[in-house]
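Chain by chain, the residues run as shown.
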Amino acid sequence: MNSRTVPFDELDRKIITALMANARTSFAEIGSAVGLSATAVKRRVDRLRDTGVITGFTATVKPSALGWRTEAYVEVYCEGAAPPRRLAEVVRNHPEITAAMTVTGGADALLHVRARDVEHFEEVLERIRTEPFIRKTISVMVLSHLLPESPEAGATHAAPQETGDHAADVR
């Protein structure tokens, strides 16, 4: 990724808006909408990718189609000051955690967890709680998405395969 500052104008903003609405839109279609040729749109998209403005293209998938039928947000409270990189190491070990961030307020981190069902969620929560520096967790189950087209309502990877033996999942 190039670290230099790159001009970002209204045409770039319109191109990005079109790609966010549908990443499969052709450069010709975008060009027609914003008043550029397909080649000019491609050059701009390439520049936006090279400079890290556009970080990738992805498909949004209905989570239940992948086996994710239960969803929750988990506040994590740590003993002392757990460094963000240590928290990142922990969450990478749990494929059910689809997003994680450090936050302000009482909690140290907020995790977005997807699971097959409530029992699977409980097992994931127990694995998270085995970390020695985690003091407590508070979970909030998602009942429905009020903005069903938002990225949070979709998934970017498949649910872990059912092994039949969850002992391998426990630390």
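To be clear, the structure that these remarks concern was listed above.
Residues numbered from 1 in each chain as written. Predicted model: local features only at pLDDT ≥ 70, side-chain atom pairs only at ≥ 80, totals over all residues. Heavy atoms only, no water.

**A closer look at the overall build of the chain**
Within the chain, the regular secondary structure consists of 5 helices and 4 strands. When the 171 residues of the chain are sorted by exposure, 32% land in the buried category. Sequence-distant contacts in the chain: of pairs separated by 6 or more residues, those separated by 24 or more amount to 71%. For the chain, the accessible area works out to roughly 10,900 Å², and carbon and sulfur atoms hold 54% of it. (Helix = DSSP H or I, 4+ residues; strand = E, 2+ residues; numbered from the N terminus. Buried < 20%, exposed > 50% of the residue type's maximum accessible area, 1.4 Å probe, protein only. Contact = heavy atoms within 4.5 Å. Areas by Shrake-Rupley, 256 points an atom, 1.4 Å probe, with all protein chains shown as cover.)

**Thoughts on the layout of surface pockets**
Roughly 190 Å³ of volume is contained in the second largest pocket. As for the second largest pocket, its lining consists of 13 residues, of which Trp68, Arg69, Glu71, Arg114 and His145 are closest to the centre. When its residues are assigned to classes, the lining of the second largest pocket shows 6 nonpolar, 4 polar and 3 charged. (1 Å grid on protein atoms, 1.4 Å probe; cavity = no way out; pocket = protein on both sides within 12 Å on 5 of 7 lines; lining within 4 Å. Points joined across faces, edges and corners; volume = space filled by probe spheres on them. Nonpolar A, V, L, I, M, F, W, Y, C, P; charged D, E, K, R; others polar.)

**Let's talk about the nonpolar core**
Core analysis: the biggest nonpolar cluster contains 19 residues, and Val74, Val76, Leu111, Val113, Phe121 and Phe133 have the highest contact counts within it. Mapped onto this core, the elements with two or more residues apiece are strand S1 (70-78), helix H4 (84-92), strand S3 (109-115) and helix H5 (118-129). Those residues in contact with Val113 that lie beyond four places of it in its chain are Thr70, Glu71, Ala72, Val74, Glu96, Ile97, Phe121 and Val124. Counting 9 residues, the second-largest nonpolar core is a separate cluster that includes Ile30, Val34, Val41 and Ile54. (Core = buried A, V, L, I, M, F, W, Y, C linked by side-chain atoms within 4.5 Å.)

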